[in-house]
Each structure stands twice: as C-alpha cells, then as structure tokens.
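Coordinate inspection notes
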Amino acid sequence: MDERTVYDLADLFKVFGDSTRLRILCVLMEQEICVADLADTLEMTQSAISHQLRTLKQSKLVKARRRGKMVYYSLDDDHVRSIIETGREHLEEER
C-alpha cells in the first residue's frame, strides 16, 4: 500500500475506535433513523449524537436523507456493515 492509503486507512479505523460512534453504527445497521430517535435509543443528548454523526458523515460511513423537516440517517453502504461484521466475527473466533 502507498503511504497515503495507509494514513487514510488509519484515519478510518480511528473513527471505528470510538465506542459511541460504533454504537450509532450498530443502530444504523438495523434501521434508518432520525437524530431524536437515535438519541432516545442510545440514551444520549441530540447534541452529542449530532456531533458524532458529523464525524461519521465526514468519513463517508453514514449518509443523510431529508424528508420535510426531518433528516434520517443510514449506513452509507454495505462496506460499513461488512467492516463491523468482520470485526465481530474476528472477536467471536478468539472466544
């Protein structure tokens, strides 16, 4: 791998290294959801959720869809799901 790709990949894995962001991604694996419902599900403030969603969007792990005044979030693509599931499978192998 070239150096730029290594740095970009390291940055991507840093995003997955935060437990709050990972919890958000796990909820989004199950359903598209708005910030208010996501905050209720994770028992966090909407402000905290919005801050983490911004990071996830910048990393192209999450996408947003506007419907009227509401914004719904979902995983950007199946690669995100695959990364999480592969990590979980790896952990289960070790047990």
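Read on for a plain summary of the structure. (Residues numbered from 1 in each chain as written. Predicted model: local features only at pLDDT ≥ 70, side-chain atom pairs only at ≥ 80, totals over all residues. Heavy atoms only, no water.)

Attention now moves to unusual backbone geometry. Non-glycine residue Glu43 carries a positive phi angle of around 55 degrees. The topology assignment puts Glu43 in the loop between α3 (35-42) and α4 (46-58). For Lys60, which is not glycine, the phi dihedral falls at a positive 60 degrees. Summarising the element assignment, Lys60 is placed in the loop between α4 and β2 (62-67). Judged by its relative accessible area of 64%, Lys60 falls in the exposed class. (Helix = DSSP H or I, 4+ residues; strand = E, 2+ residues; numbered from the N terminus. Buried < 20%, exposed > 50% of the residue type's maximum accessible area, 1.4 Å probe, protein only.)

Another point: the nonpolar core. The biggest cluster of nonpolar side chains holds 22 residues, and the ones touching the most others in it are Ile24, Leu25, Leu38, Ile49, Leu53 and Leu56. Apart from residues no more than four positions distant in its own chain, Leu56 is found in contact with Val15, Arg21, Ile24, Leu25, Leu61 and Val62. (Core = buried A, V, L, I, M, F, W, Y, C linked by side-chain atoms within 4.5 Å. Contact = heavy atoms within 4.5 Å.)

Before going further, it helps to examine the state of the cysteines. Summed over all chains, the structure comprises zero disulfides. Sulfur of Cys26: no disulfide; nearest cysteine sulfur belongs to Cys34 and is 19 Å away. When its relative accessible area of 36% is taken as the criterion, Cys26 is described as partly exposed. (Disulfide = S-S within 2.5 Å.)

Topologically, Gln52 is positioned in helix α4. Assessed through its relative accessible area of 12%, Gln52 is described here as buried. Those residues within four positions of Gln52 in sequence are excluded, and the remaining contacts are Asp18, Thr20, Arg21 and Ile24.

Turning our eyes to something else, we now look at a nonpolar patch on the surface. Together, Met1, Val6, Leu9, Phe13 and Ile83 line one region of the surface with nonpolar side chains, adding up to about 480 Å² of accessible area. Of the residues forming the nonpolar patch, the biggest block, three residues, is contributed by helix α1 (residues 3-16). Classification of Phe13 as partly exposed rests on a relative accessible area of 48%. (Patch = residues over 30% accessible without salt bridge, like charges linked within 9 Å, V, L, I, M, F, W, Y side chains within 5 Å. Areas by Shrake-Rupley, 256 points an atom, 1.4 Å probe, with all protein chains shown as cover. Salt bridge = Lys/Arg side-chain N within 4 Å of Asp/Glu carboxyl O.)

This part takes up the sheet that holds strand β3 (residues 70-75). Strand order in the open sheet formed by three strands is β1-β3-β2, and the pairing between neighbours is antiparallel. With partners counted over all chains shown, the strands left at the sheet margins are β1 (33-34) and β2, one partner each. Its contacts with the sheet put helix α2 (residues 19-30) on β1, β2 and β3, and the angle it makes with β3 is roughly 95 degrees. (Pairing = 2+ DSSP bridges. Axes fitted to C-alpha atoms, helices over the stretch in contact; angles between N-to-C directions.)

With that out of the way, let us pick up the side chain of Arg21. Relative to the helices and strands, Arg21 resides in helix α2. Lacking a salt bridge, the buried Arg21 has Asp18 as its closest oppositely charged neighbour, with an N-O distance of 4.2 Å. A distance of 3.1 Å separates the side chain of Arg21 from the backbone oxygen of Val15, its partner in a polar contact. (Lys, Arg positive; Asp, Glu negative; His and termini not counted. Polar contact = N/O pair within 3.5 Å; in protein donor to acceptor, adjacent residues only side chain to side chain.)

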